[in-house]
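# A structural walkthrough
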Amino acid sequence: MKELNLLHNFGILANLMGYHYCRSAIMMVVQDIELQDHITKKLYPKIAEQYNTTPSCEEREICHSIEIACKCGNLGIIDKYFIYACSRKNGRPANSEFISTIADTIILILKK
């Protein structure tokens, strides 16, 4: 299913550590929707433990990946999901918004 390759479509490349953190975060939220309400308190620590890093380092890497996508990625597809969140005025989607939106999209695709 090409829709499930959203990170790549947005322009977040697999060679970025933030890609792996984003992917893990999205997969965990898809499996347990309650985590989207506790991203900084529960989700980040789980991922940090999995990758043997700190939650703040992980959060920065996710942020960096989203910034790169907003500067160099496919703005057409980003705008489709985040309604001009990457314009110069608005900056970029927040990490929690990005993770929750992609996870929700995948959940809806899987329910079809």
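Note: the structure precedes this text.
Residues numbered from 1 in each chain as written. Predicted model: local features only at pLDDT ≥ 70, side-chain atom pairs only at ≥ 80, totals over all residues. Heavy atoms only, no water.

### A closer look at the packing of aromatic side chains
Within the structure shown, the criterion is met by 5 aromatic pairs. Summarising the aromatic geometry, the rings of Phe 10 and Tyr 81 are spaced 5.5 Å apart at their centres and angled 80° between planes, so their arrangement reads as edge-to-face. Note that Phe 10 is positioned in helix 1 (residues 6–10) and Tyr 81 in helix 5 (residues 75–82), a separation of 71 residues in sequence. According to the relative accessible area criterion, Phe 10 is buried, its value standing at 0%. Aromatic side chains Phe 82 and Phe 98 sit 5.5 Å apart centroid to centroid with 15° between the ring planes, which places their arrangement in the stacked category. (Phe/Tyr/Trp six-rings, centres within 6.5 Å; stacked < 30°, edge-to-face > 60°. Helix = DSSP H or I, 4+ residues; strand = E, 2+ residues; numbered from the N terminus. Buried < 20%, exposed > 50% of the residue type's maximum accessible area, 1.4 Å probe, protein only.)

### Notes on the side chain of Thr 105
Assignment of secondary structure puts Thr 105 in helix 6 (residues 95–111). The exposure class of Thr 105 is buried, given its relative accessible area of 14%. Filtering out sequence-adjacent residues up to four positions away, Thr 105 remains in contact with Leu 6 and Tyr 81. (Contact = heavy atoms within 4.5 Å.)

### Considerations on the nonpolar core
Membership of the largest hydrophobic core comes to 29 residues, with the highest contact counts inside it found for Phe 10, Leu 43, Phe 98 and Ile 99. If you list the elements that add at least two residues to this core, you get helix 1, helix 2 (17–31), helix 3 (39–51), helix 4 (55–72), helix 5 and helix 6. Setting aside anything within four residues of it in sequence, one finds Leu 43 in contact with Ala 25, Met 28, Val 29, Leu 35, His 38 and Ile 99. (Core = buried A, V, L, I, M, F, W, Y, C linked by side-chain atoms within 4.5 Å.)

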